[in-house]
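These are the residues of each chain, in order.
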Amino acid sequence: MVNTLGNEQRNKLKISHSAPILVIAVISIEAIFVFGMKILLDRSEQDLQQAERSGRIVRESQNIIIGLNEMNQAVRDSAWFKSKKTNENFDRLKEEINRSLEILDLDISNSQESRFALTNLKRDLDEIVAHCSAYHKRFSKNESENLVEALQAEVDTFQSIMSRVLSHNQELLKEQKFLLSLQSSSQIEQRRKLKEFLTAALIVNTIVISLLTSIFAIRLTRKVNRLLENAKRLKEGKTLTLKLGGDDEIAVLDQIFHDLSCSLAASQRTEAAYFENAVDVLGSISQSGHFTRVSPSCFSVWGYSQNTLQGRSFIDLTVEEDQPIVVNFLSKAQQDGQPYSFETQVKRANGKVIQTLWTIKWSLDERSFFFSAHDVSLQKDKDDLLKASAERTLQIIQAMPVGLFLASKDGHFNFVNTALEELLHYSETELGGEEVSRVFSLPGAQLGHQIQLPNFEGNSLEITATDKNGWTRYVEFSVRSISFEDSECYLGLVVDTTQRHELQLMRQQFFTMITHELRSPLASIRSHIEMSLMGINGQLNAAGERGAKNSLTTIDRLLKLIADIIDSDKITHGAFKIQLDSVSASSVVYSAANEIRSLASNRGISLVLNLIDINIRADQDRVVQILVNLISNAIKFSPQNSSLTISTIKADSCVRFEIIDQGRGIPEDKLDKVFHKYTQVKNTDSYQGAGSGLGLSIAKELVEAQAGRIGVSSALGVGSVFWFELPIS
């Protein structure tokens, strides 16, 4: 059981893991070897350091003895020679003795005997140095009367103390000499051990590395050989050997080979199924041009069975006029090894000729042509239909009465239709590749900026165009991006508005004319008639006064008509200014009623006001104008001696104004037309003084310009209710 578990663990061990394990094993052995060497070297280093310390102790001890003798000699010299050099020499010797003593204090071991000997030595040195210093001072100052006796006493005392110093120094050196002898034998032993250790480590290292390498190589070689065998079998299409056990890289690769073998088998089955069930005719042709294999679809496409085509010449199936083309493509495919596609006509078994798209490729290994043949007869018919449709579309584009063009994103013509050619007097060839800004005055072009058509997309521009003859045309210009032939381009629409522009100029001239040539003279005539009625130009008789008053009425109606025409035009062209503000609903009704009261009185019509005190958001003057138009309209169609009610009602977030009359009413089929321009309920109304048909239209446009609504309800023979709503302030 233990062996089985061991085998399983080895099988699970990957090669990528085996190599690191081998390296780790070798590194571990080397680490042990290095660690052992480090221990031996550390010991040798310690012995060497101890030997150095012992040598320093011996050397410094000797230096102290020598320094003491030289100090004693310096004391004697100071007795005979009084010089600065003698004093400096004495001081130097004291410093050297103290320095040597400090070194001894650092290097002496912590053993009790050594420290005790060093303490005694320090005491003796302090005593002898003090002795020498005292005599040196004494001799330097000539304080001794009997110099010889003083010298003899100094020598005796020095020798007495020196004997103790030498005794303690010997005790100190005794241990150091012993340590030096031990270190010498230890170093010899350490070198022997180091040599033996190096030899043993080298032998063990060589054995372990050889063993591990052999195991790794044997295990790897066995699996690689199995893998090579499976690779060979896979190439030959044979069944692979049993899978390698384990999870290592070679086992994984062997598993991939087995999976690949299964995939190839499945692919071969799929290929066979595709070949057997293909809609197109598939197969191979020998180098001599004879069928060697044909798919079953040959019967449905060509009407021939597989057995009939087997060994038959491929060229015989094609019509005679296409055979040189087929032979040429076969030759080219065999020469360069590239696939080629071509169309040719094939004779079916029933004698019918069909158009077929062939794709062939020469295989040098198989020494055969592989082919697929697709029946494109139906597709060709579709292509012909598409071509005819494209031609019809082009004809429609060319026949359109507006200009069309295609241009690139940076604004260069690619195509123009006939209408644009006729508008600009340029041919498509002349405009091809030219900038759109060459003929159209696009914004920014005059400043020399690069024109980008996306900047104008979605906008309709009123601009000018310059034709080939230099004439300026007014056009409406718009573009939209489209995808054409896998690239982005822009479709432009150009409408000639020159006539519209000229009509606009005529309209402006007309309104200038009616303003200055009609309204001003009419106002002057009105003033003259009023002066006549006042008797300034002489008294009028009754007939003359009636005629003058009728003339005033006619002139007022003409001035009102002119004012309505001008107001309607301003509203239509956005020139009518609306100033919204908070306005009292009742005040605007009172203002309108005061303006219209005389007209109502002339017809015997009473005005009834039912008002609420509330503010609206509107233009006060325009609301008065709306009310005047609606009230005057109601008065015109109300019977004499009747009443007309004006009401204001709060309706949700709006105020509703209602003008209720007792007139003849409006037919139901006319209700949705009363607010149209120049519309009369009856054709005779305009001739009976009912008005121009612009008052209600102007009222509607003014109400809507102030975010309101307007409408009417009516019943024939009962009356009408004109109403409009404006938002509450």
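For the structure, see preceding data.
First things first, this report covers the structure right here in the doc. (Residues numbered from 1 in each chain as written. Predicted model: local features only at pLDDT ≥ 70, side-chain atom pairs only at ≥ 80, totals over all residues. Heavy atoms only, no water.)

A few words now on the overall build of the protein. When you go through the protein residue by residue, the secondary structure sums to 17 helices and 17 strands. Per-residue burial for the protein yields a buried fraction of 35% across its 729 residues. Sequence separation of at least 24 residues holds for 58% of the intrachain contacts in the protein that already meet a minimum separation of 6. Accessible surface, the protein: about 42700 Å² in total, of which carbon and sulfur atoms supply 54%. (Helix = DSSP H or I, 4+ residues; strand = E, 2+ residues; numbered from the N terminus. Buried < 20%, exposed > 50% of the residue type's maximum accessible area, 1.4 Å probe, protein only. Contact = heavy atoms within 4.5 Å. Areas by Shrake-Rupley, 256 points an atom, 1.4 Å probe, with all protein chains shown as cover.)

Taken in spatial order, the 5 strands line up as S7-S6-S10-S9-S8 in an open sheet, and their pairing is antiparallel. Looking at strand neighbours, the two that pair on one side only are strand S7 (413-416) and strand S8 (461-466), the edges of this open sheet. The average angle at which neighbouring strand axes cross in this sheet is 35°, direction not considered. Sheet topology note: the strand S9 (residues 472-484)/strand S10 (residues 487-496) ladder contains 10 bridges and is antiparallel. (Pairing = 2+ DSSP bridges. Axes fitted to C-alpha atoms, helices over the stretch in contact; angles between N-to-C directions.)

Position of Val129 relative to the elements: it lies in helix H4 (residues 112-140). By relative accessible area, which is 15% here, Val129 ends up buried. The spacing of Val129 and Ile97 is 32 residues in sequence and 9.1 Å in space, taken between C-alpha atoms. The residues contacting Val129, other than those within four sequence positions of it, are Leu68, Met71 and Lys94.

Within the fold, Glu704 resides in helix H17 (residues 695-705). Look at Glu704 and you get partly exposed, because its relative accessible area is 43%.

Turning to H17, a few remarks are in order. If you check which residues of H17 are buried, you get Gly695, Leu696, Ser697, Ile698, Ala699, Leu702 and Val703. Backbone geometry just downstream of H17 places Ala707 in the positive-phi region, at approximately 65°.

Hydrogen bonds along the backbone pair up the strands of a sheet, which may run parallel or antiparallel. Strand order across the open sheet formed by 5 strands is S2-S1-S5-S4-S3, with antiparallel pairing between neighbours. Edge strands, defined here as strands with exactly one partner in the open sheet, are strand S2 (291-294) and strand S3 (340-347). Across the sheet, the axes of successive neighbouring strands diverge by a mean angle of 30°, strand direction being ignored. Contacting S3, strand S4 (353-363) and strand S5 (368-375), helix H9 (residues 323-336) crosses the sheet at an angle of about 150° to S3.

The next subject is the packing of aromatic side chains. Per the counting criterion, the structure on display carries 13 aromatic pairs. Measuring from centroid to centroid gives 5.5 Å for Trp302 and Trp358, while their planes differ by 25°, and the two rings are stacked. Taken together, the residues Trp302 in helix H7 (residues 298-302) and Trp358 in strand S4 connect sequence positions 56 residues apart. Taken as a pair, Trp302 and Trp358 share a single burial class, namely buried. Through successive ring pairs, a cluster of aromatic residues spans Phe291, Trp302, Trp358 and Phe371. (Phe/Tyr/Trp six-rings, centres within 6.5 Å; stacked < 30°, edge-to-face > 60°.)

What follows is about the pattern of salt bridges. A complete count under the given rule lists 10 salt bridges for this structure. Residue Arg500 is joined to Glu476 by a salt bridge in which the shortest nitrogen-to-oxygen separation is 3.1 Å. With Arg500 in helix H13 (residues 498-533) and Glu476 in strand S9, this pair connects stretches of sequence that are 24 residues apart. Residue class for Glu476 comes out partly exposed when judged on its relative accessible area of 26%. Between Arg656 and Glu725 there is a salt bridge, with the nearest N and O atoms lying 2.9 Å from each other. (Salt bridge = Lys/Arg side-chain N within 4 Å of Asp/Glu carboxyl O.)

To continue, consider unusual backbone geometry. The backbone phi angle of Asp652 is positive, close to 55°, even though this residue is not glycine. Structurally, the position occupied by Asp652 is in the loop between strand S14 (643-651) and strand S15 (654-660). The phi angle at Ala707 is positive, at roughly 65°, despite the residue not being glycine. Relative to the helices and strands, Ala707 is located in the loop between H17 and strand S16 (709-715). Under the relative-accessibility criterion, Ala707 is labelled exposed at 64%.

The alternating pattern of strand S13 (residues 615-618) places Ile616 and Ala618 on a buried face and Asn615 and Arg617 on a face that is not buried. Here strand S11 (residues 581-584) pairs with S13 via 4 bridges, running antiparallel. Its bridge partner being in S13, Val583 is matched across the sheet by Ile616.

Counting residues in hydrophobic clusters, the biggest one holds 42 residues, and the most contacted among them are Ile616, Leu627, Ile631, Leu644, Phe657 and Phe724. Here this core gets 9 residues from one element, more than from any other, and that element is helix H16 (residues 620-636). When sequence neighbours within four positions are dropped, the list of residues in contact with Phe657 reads Ala585, Val588, Val589, Ile616, Leu627, Ser647, Thr648, Phe722, Trp723, Phe724 and Leu726. Ranked by size, the runner-up nonpolar core spans 31 residues in total, among them Leu68, Leu101, Ile108 and Ala150. (Core = buried A, V, L, I, M, F, W, Y, C linked by side-chain atoms within 4.5 Å.)

Residue position: Leu726 is located in strand S17 (residues 719-727). Judged by its relative accessible area of 0%, Leu726 is buried. A C-alpha to C-alpha distance of 7.4 Å links Leu726 and Val703, two positions 23 residues apart in sequence. Excluding its chain neighbours within four sequence positions, the residues that come into contact with Leu726 are Ile616, Ala618, Val623, Cys654, Val655, Phe657, Val703, Gln706 and Gly708.

As a further point, take the packing of helix H15 (residues 585-602) against H16. Between H15 and H16, the least distance of the axes is 9 Å, while the angle of their chain directions is 35°. Considering how the two elements wind past one another, H15 and H16 form a crossing that is right-handed. Judged by residue contacts, Val588, Val589, Ser591, Ala592, Glu595, Ile596, Leu599 and Ala600 of H15 engage Gln620, Val623, Val624, Leu627, Val628, Ile631, Ser632 and Ile635 from H16. Of the residues assigned to the contact of H15 with H16, the class counts are 12 nonpolar, 3 polar and 1 charged. (Left-handed = near helix turned anticlockwise from the far one by under 90°. Nonpolar A, V, L, I, M, F, W, Y, C, P; charged D, E, K, R; others polar.)

This part is about the packing of helix H3 (residues 84-107) against H4. One can describe the packing of H3 onto H4 by two numbers: an axis separation of 12 Å at closest approach and a directional angle of 170°. Our classification of the angle between H3 and H4 gives roughly antiparallel. Contact residues: H3 offers Thr86, Asn87, Phe90, Lys94, Leu101, Leu104 and Asp105, while H4 offers Arg115, Leu118, Leu121, Lys122, Leu125, Val129, Cys132, Ser133, His136 and Ser140. Taken together, the residues of the contact of H3 with H4 break down into 8 nonpolar, 5 polar and 4 charged. (Parallel < 35°, antiparallel > 145°, perpendicular 65-115°, else oblique.)

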